[in-house]
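# Overview (structure and organization)
This is what each chain is made of:
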Amino acid sequence: MRARRFRVPLLWTFLPHQGNSDTGHRIALMRRYLALFDSASITMLLADREFIGAEWMDFLCENKINFVIRVKIDMTVTLDDGRT
């Protein structure tokens, strides 16, 4: 039998504006997390389509953080091997 797991926010940032965070805010928050915990503690980062961007995804890859991000229907993703 599998144990139920509950998640609570460990770290957060109050934004100086309404709306979503930007890439800089997201990277800063993740750097705070990575200063306390190894990236191996993150099995998978799940995010919605507001949390996209090459710089953000590059940061996740460079830090070996696996991620799944839902993208907008009209967005094309190109993989390193050239496949879309």
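By convention here, each chain's residues receive numbers from 1 onward along its written sequence. pLDDT decides what is reported in this predicted model: residues at 70 or higher carry local features, side-chain atom pairs at 80 or more are listed and counted, and totals for whole chains, interfaces and linings draw on all residues regardless. Hydrogen atoms and water are omitted, and side-chain values are computed over all heavy atoms in the structure.

## Considering the confidence of the model for the protein chain
Per-residue confidence for the protein chain averages 86 on the pLDDT scale, and 92% of its residues sit at or above 70. Put simply, strand S1 (residues 45-47) is where the protein chain has its lowest mean pLDDT, 89, and helix H1 (residues 23-36) is where it has its highest, 94. Looking at any residue, its pLDDT shows the predictor's confidence there, from 0 to 100. Under the scheme used here, helices are H or I runs from DSSP no shorter than 4 residues and strands are E runs no shorter than 2 residues, and both carry numbers assigned from the N terminus.

## Focus: the packing of H1 against helix H2 (residues 54-62)
Note on geometry: axes are C-alpha line fits, over the in-contact stretch for helices, and angles between N-to-C directions span 0 to 180 degrees. Orientation of H1 relative to H2, taken along the N-to-C sense of each, is 15°, at an axis distance of 9 Å. One element, H1, and the other, H2, form an angle in the roughly parallel class. Two packed elements cross with a definite hand, and for H1 against H2 that hand is right-handed. Every residue of H2 that contacts H1 at Thr23, Arg26, Ile27, Met30, Arg31 and Leu34 is listed here: Glu55, Trp56 and Phe59. When residues are grouped by polarity, Ala, Val, Leu, Ile, Met, Phe, Trp, Tyr, Cys and Pro land in nonpolar, Asp, Glu, Lys and Arg in charged, and all others, Gly among them, in polar. Per-class residue counts for the contact of H1 with H2 are 5 nonpolar, 1 polar and 3 charged. For classification purposes, an angle smaller than 35 degrees is called roughly parallel, one larger than 145 roughly antiparallel, one from 65 to 115 roughly perpendicular, and anything else oblique. In this scheme, a crossing is called left-handed if the near helix is turned counterclockwise away from the far one by less than a right angle; it is called right-handed if the turn is clockwise. In what follows, residue pairs with any heavy atoms lying within 4.5 Å of each other are defined as contacts.

## Considerations on the layout of surface pockets
A pocket here means an open set of points on a 1 Å grid, computed over the protein atoms alone, that has protein on both sides within 12 Å along at least five of seven lines. A cavity is instead a set of points where a 1.4 Å probe fits but cannot get out; residues with an atom within 4 Å of a point line either one. Grid points are joined across faces, edges and corners, and a volume is the space filled by probe spheres set on the points. Empty space within the second largest pocket amounts to approximately 200 Å³. Along its surface, the second largest pocket is lined by Met57, Asp58, Cys61, Phe67, Val77, Thr78, Leu79 and Asp80.

## Some thoughts on H1
Since one α-helical turn is 3.6 residues long, residues separated by three or four positions face the same way. Between its first and last C-alpha atoms H1 spans 20 Å; for 14 residues at 1.5 Å apiece the expected length is 20 Å, and the two agree. By the burial criterion, the buried members of H1 are Thr23, Arg26, Ile27, Met30 and Tyr33. Projected down its long axis, H1 shows its buried positions confined to an angular sector of 120°, all on one face. Of the exposed residues in H1, the ones pointing more than 90 degrees away from its buried face are Arg31, Ala35 and Leu36. Two or three places before Gly24, at the start of H1, stands the capping residue Asp22, its side-chain oxygen 3.1 Å from that residue's backbone nitrogen. Multiplying one less than the number of residues by 1.5 Å gives the expected span of a helix. Using a 1.4 Å probe on the protein chains alone, a residue whose accessible area is under 20% of its type maximum counts as buried, one over 50% counts as exposed, and one in between counts as partly exposed. What the arc covers is the set of directions going from the helix axis to the C-beta atoms. Each polar contact in these results corresponds to two N or O atoms within 3.5 Å; when the atoms are within protein, one needs to be able to donate a hydrogen and the other to accept it, and residues that are neighboring in sequence are counted only if both atoms are side-chain atoms.

## Let's talk about a nonpolar patch on the surface
Residues with no salt bridge and a relative accessible area higher than 30% make up the patches, which join like charges within 9 Å and nonpolar side chains (Val, Leu, Ile, Met, Phe, Trp, Tyr) within 5 Å. In short, Shrake-Rupley with a 1.4 Å probe defines the accessible areas, and a residue's cover is counted only from the protein chains shown. The term salt bridge refers to a pairing of a side-chain nitrogen on Lys or Arg with a carboxyl oxygen on Asp or Glu at a separation within 4 Å. On the surface, Leu10, Leu36 and Phe37 cluster together to form a nonpolar patch covering roughly 310 Å² of accessible area. Mapping Phe37 onto the fold places it in the loop between H1 and S1.

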